[in-house]
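# Remarks on the overall topology
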Amino acid sequence: FANCTYLRSIRVQGDLTLSYQAAGTGFDVRLSSASLRIGAATTRLQGTANVRSEDAGLTLSLDWTLSGEGKRGTFTRKASRIVRWSLGSACFDASGTSEGTLGERLVSVTLGPFRRCRSQCPEADSVMAIRDEEQGYRLLFDGSDTATLVGENGSRSLTLACEP
């Protein structure tokens, strides 16, 4: 990548190696980069994606590790996600976990159950939980364009860019 822009404003620069091979009812993809600059951070990335055709649908299993240094210091992240689509459906289901550090601070994220269809808002009962050493948060979705962030000191509403 040479001065590419991601999400309209994040600059990406560096080498990313991608390899793939057929495997069972799908294929496997491996990604790696010894030095990929994303915004102000310099990162190292290792990851795999396994895509399988199962039960009239697709299952994508993602596993990756990311480490580096940015404006707020060093960071690490190890994550696993599973995403499922049913053929003919405009919806996907996702779940997974990630854990890592930002400086000396340990942060973990749990996703799921989480369901979203096209540009619609996440379905009711979808949830994301975020926890660090000091406090925990839950991001709750109710199918509307407003999510609720619940923490140990109360809650607040967040407006989402989606269609209820």
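Structure first, text after, so check above.
Residues numbered from 1 in each chain as written. Predicted model: local features only at pLDDT ≥ 70, side-chain atom pairs only at ≥ 80, totals over all residues. Heavy atoms only, no water.

### Some details on the state of the cysteines
Each disulfide consists of a covalent bond between the sulfur atoms of two cysteine residues. Heads up, the condition is: By disulfide we mean two sulfur atoms from cysteines, separated by a distance within 2.5 Å. Where helices and strands are cited, they refer to DSSP runs of H or I of at least four residues and of E of at least two residues respectively, numbered from the N terminus. Only protein chains enter the accessibility calculation, which uses a 1.4 Å probe; a residue is then buried when its area is under 20% of its type maximum, exposed when over 50%, and partly exposed in between.
For the structure on display, the rule yields two disulfides. A sulfur-sulfur separation of 1.8 Å characterises the disulfide bridge that pairs Cys 91 with Cys 117. On the sign convention where negative is left-handed, the bridge of Cys 91 and Cys 117, at about 105 degrees about the S-S bond, is right-handed. Residue Cys 91 is found in strand S8 (residues 91–102), and its partner Cys 117 is found in strand S9 (residues 105–117); the two are separated by 26 residues along the sequence. As far as burial versus exposure is concerned, Cys 91 and Cys 117 are alike and both buried. Taken in N- to C-terminal order, the disulfide-linked cysteines of the chain are connected 1-2, 3-4.

### Considering unusual backbone geometry
Going from Gly 112 to Pro 113, the amide bond is cis rather than trans, its omega being 0 degrees. Although it is not a glycine, Asp 55 sits at a positive phi angle of roughly 45 degrees. Note on placement: Asp 55 falls in the loop between strand S5 (41–54) and strand S6 (57–70). Residue Asp 55 is classed as exposed on the basis of its relative accessible area of 80%. In this structure, Ala 56 is a non-glycine residue whose phi angle is positive, near 60 degrees.

### Quick notes on the side chain of Thr 59
Under the convention used in this document: Polar contact is defined as a pair of N or O atoms within 3.5 Å, subject to the rule that within protein one atom must be able to donate a hydrogen and the other to accept it, and that residues adjacent in sequence are counted only when both atoms are side-chain atoms.
Its location among the elements puts Thr 59 in strand S6. Under the relative-accessibility criterion, Thr 59 is labelled buried at 9%. At 3.2 Å, the side chain of Thr 59 and the side chain of Glu 54 are in polar contact.

### Brief notes about the packing of aromatic side chains
Heads up, the rule is: Here is the rule: rings of Phe, Tyr and Trp (six-membered ring for Trp) pair when centre to centre is within 6.5 Å. Planes less than 30 degrees apart are stacked, more than 60 are edge-to-face, and the remainder are tilted.
Applying the stated criterion to the full structure yields two aromatic pairs. When the centroid spacing of 6.3 Å and the interplanar angle of 40 degrees are considered together, the rings of Phe 92 and Phe 114 count as tilted. In this pair, Phe 92 is assigned in strand S8 and Phe 114 in strand S9, connecting sequence segments 22 residues apart. Take Phe 92: its relative accessible area is 25%, and that puts it in the partly exposed class. Classification of Phe 114 as buried rests on a relative accessible area of 13%. Ring geometry for Phe 114 against Phe 141: centres 5.6 Å apart, planes inclined by 85 degrees, an arrangement best described as edge-to-face. Of this pair, Phe 114 sits in strand S9 while Phe 141 sits in strand S11 (residues 136–141), and the two are 27 residues apart along the sequence. An aromatic cluster is built from Phe 92, Phe 114 and Phe 141, whose rings are joined through pairwise contacts.

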